[in-house]
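Descriptive structure summary
Each chain, letter by letter, is given below.
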Amino acid sequence: MTVVISTSEGDAIPDAFVGLLETAELPTVDLPELGEALFLSARADGDLIGGAIVEIHGELGLLRSVVVEAGRRHSGVGSVIVDDAISAARGRGVGSLYLLTETAADFFSSRGFSSIERGAAPAPIQATAEFSRVCPDTAVAMVRNLGGHIETRLSHTVAADPTTGAVAPALIPSTTFTRGDDHELTSAWIYSRNSSPTVEAVESALADLDGGESALVFGSGMAAFSALLDTVPPGGHVVAQRIMYHGAQDRLRALDARGAITLTLFDQADPGALRSAIEAQPVHLVWIETPTNPTWDVVDIASAAASAHEVGALLAVDSTVAPPVTTRPLELGADIVFHSATKYLNGHSDLTAGVLVTRDADTRWDTIRETRKQMGGVLGAFEAWLLIRGLRTLHVRFRRQAESAAAIARHCAAHDGVAAVLYPLLPSHRSYDVASRQLLGGFAMVSLLVGGDAPAAQRVATATDVFITATSLGGVESLIEHRASVEGLHSVVAPNLLRLSIGLEHPEDLMADLDRALAIATS
Ligand SMILES: *Cc1c(COP(=O)(O)O)cnc(C)c1O
């Protein structure tokens, strides 16, 4: 089933919708008196299932009579028109959603609502308690122009709740949702393993952040990765990097060993290697991780996308260490972007979560959604709520972390106890050129090759006071780890490599800490 949401100017409001409005008993909608107005309709396979009228008054649009579904007024009023239309469609068990809002985007952008994009409409449209007080008996919300910057939209991730006036997002942990007298669902939700309001709130922010049509959140990064791998047909060919996050490579190797997939690894540091790997046989999935853990080689996403698409393969990008404030893989041609939200997106080392964001919500995307439902991999409501909280400060956290990391990389490069610094935004790194084009908001991870062997590197890691010796990355506290020990037996990481995740401490304290540790370890 296809749901199309389209627009027309006020003088062309379809009769069918007028009928729906009448049955919905919305007394204050006086159609002939509408001034400059926009009509939004939601159609399922051609049948009108809902609609909304937006009246434009100067800079503000007033949303009237949000979604009407099957003659009933839909319950989600006061939130977002497009969102409500989607909800109405989901409530009917619609599998595929195609949002055709280009005309809506044009309409809004000519009035300064520049951030309304395909599938990313919710954030700029805010309901206000004030307006529902003025017109309490209608489903009315005020449209606020939040401008075109993601920082602004993230700061207002979720619209203020018109019934309570709450500014902070609600946490809705309910596992189940009611049906009315007619046994029809009374909202867009059924059962929390499928989806739930807080989960969808964070998903809409994540889709907006990466510029995708839709996002799905999972209980961990690996659960998200597994759901994606599940779309590869039996024995299908997956191409991935020789050096990459070891947990994901372990999973690929395990699936390859039992014949579920065929795995080919390519050298991520060689720009021509991916193309040769792809040419060998038909490929279903190309999985790249950029920058690559822990050498921080930067793979050119646009050229990887071109290579993958030439052979009809899907390009998915693990962008965990380059969150969307520095790299937006979908804009560079990737089909799906993956993040372990455990890292920068949440940023406080207090939850595990994974996210997939898609450029197109196509049938493969429906399959992934269905897989999540069947395997039960959805993120919990509390974690979704915490993740919303983390996302709201992502841009300032990351900017500061990246600035400190750049200073620390330069500092360490001049240190006698350090044989080499691996930081892609230093001209000495082999990926410097592509990194300068692709890491637009900087980079906050640094690897050091210390003078000496593995025990020498381990001594440095244990001698730090400010850096905590632990694995993981992206939190407010700086971490240091001896990567080869963490990865274990199959590790191909240099034995003298230390991986640093730079947090929010003062960079001078971090540099002094490293100087002290290097002096102790080499004395
Ligand atoms: C942590 C991480 C993962 C796995 O995510 P989890 O949330 O731990 O399951 C995948 N890729 C990269 C680059 C990571 O850092």
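Preceding block: the structure.
The structure reproduced in this document is the subject of the present report. (Residues numbered from 1 in each chain as written. Predicted model: local features only at pLDDT ≥ 70, side-chain atom pairs only at ≥ 80, totals over all residues. Heavy atoms only, no water.)

1. Examining helix 15 (residues 454–463)
- A454, A456, A457, V460, A461 and A463 are the residues of helix 15 that are buried.
- Against the buried residues of helix 15 lie strand 17 (445–450), strand 18 (468–469), strand 19 (479–482), strand 20 (497–501) and helix 17 (507–522). (Buried < 20%, exposed > 50% of the residue type's maximum accessible area, 1.4 Å probe, protein only. Helix = DSSP H or I, 4+ residues; strand = E, 2+ residues; numbered from the N terminus. Contact = heavy atoms within 4.5 Å.)

2. Here we look at the environment of V286
- Position of V286 relative to the elements: it lies in strand 12 (residues 285–289).
- Spatially, the C-alpha atom of V286 lies 6.2 Å from that of A316, the residues being 30 residues apart in sequence.

3. Structural notes on the sheet that holds strand 16 (residues 418–422)
- The strand order across the open sheet built from five strands is 16-17-20-19-18, with neighbouring strands paired in mixed fashion. Whereas interior strands pair on both sides, the edge strands pair on one side only; in this sheet they are strand 16 and strand 18.
- Relative to strand 17, strand 16 runs antiparallel, the two sharing four bridges. Across the sheet, A420 pairs through a bridge with L449, a residue of strand 17.
- Across the sheet, helix 15 touches strand 17, strand 18, strand 19 and strand 20, and the angle it forms with strand 19 is around 160°. (Pairing = 2+ DSSP bridges. Axes fitted to C-alpha atoms, helices over the stretch in contact; angles between N-to-C directions.)

4. What about the site of the ligand?
- In the neighbourhood of the ligand, 14 residues make up the surrounding shell, with M222, D318, S340, T342 and K343 lying closest.
- Side-chain polar atom of S340 to an oxygen atom of the ligand: 2.8 Å apart, as the coordinates give it.
- One nitrogen or oxygen atom from the side chain of T342 is found 2.7 Å from an oxygen atom belonging to the ligand.
- The fraction of the free accessible surface of the ligand (380 Å²) that becomes covered by protein chains is 91%.
- Contributions of two or more residues to the shell around the ligand are made by helix 7 (221–229) and strand 14 (336–340).
- Tallied by class, residues from the shell around the ligand come to five nonpolar, six polar and three charged. (Near = heavy atom within 4 Å. Polar contact = N/O pair within 3.5 Å; in protein donor to acceptor, adjacent residues only side chain to side chain. Areas by Shrake-Rupley, 256 points an atom, 1.4 Å probe, with all protein chains shown as cover. Nonpolar A, V, L, I, M, F, W, Y, C, P; charged D, E, K, R; others polar.)

5. Some words on the side chain of S319
- Mapped onto the elements, S319 comes out in the loop between strand 13 (314–318) and strand 14.
- Residue classification places S319 among the buried residues on the basis of a relative accessible area of 1%.

6. Thoughts on the sheet that holds strand 13
- Pairing is mixed in the open sheet, where seven strands are placed in the order 9-15-14-13-12-10-11. Since the sheet does not close on itself, it has two edges, and those belong to strand 9 (214–218) and strand 11 (261–266), each with one partner. This sheet shows a mean twist of 20° between the axes of neighbouring strands, independent of strand direction.
- Here strand 10 (residues 236–241) pairs with strand 12 via three bridges, running parallel. Among the inter-strand pairings, A240 is bridged to a residue of strand 12, identified as W287.
- Running over the sheet, helix 6 (residues 197–210) touches strand 9, strand 14 and strand 15 (354–358) and is turned about 125° from strand 9.
- Helix 10 (residues 301–310) rests against strand 12 and strand 13 of the sheet, and its axis sits at about 150° to strand 13.

7. Here we look at the pattern of salt bridges
- Overall, the coordinates contain 13 salt bridges when judged by the stated rule.
- Of the charged contacts in the structure, one is a salt bridge between E151 and R399, with a shortest N-O distance of 3.7 Å. Of this pair, E151 sits in helix 5 (residues 150–155) while R399 sits in helix 13 (residues 394–413); the two residues are 248 residues apart in sequence, bridging distant segments of the chain.
- Residue class for R399 comes out partly exposed when judged on its relative accessible area of 44%.
- Residues R499 and E481 are paired through a salt bridge, measuring 2.6 Å at the closest nitrogen-oxygen approach. On the criterion of sequence distance, the pair formed by R499 in strand 20 and E481 in strand 19 is long-range, its members being 18 residues apart.
- Residue R499 is classed as buried on the basis of its relative accessible area of 3%.
- One salt-bridge network, in which partners are shared between bridges, spans E481, R483, E487 and R499. (Salt bridge = Lys/Arg side-chain N within 4 Å of Asp/Glu carboxyl O.)

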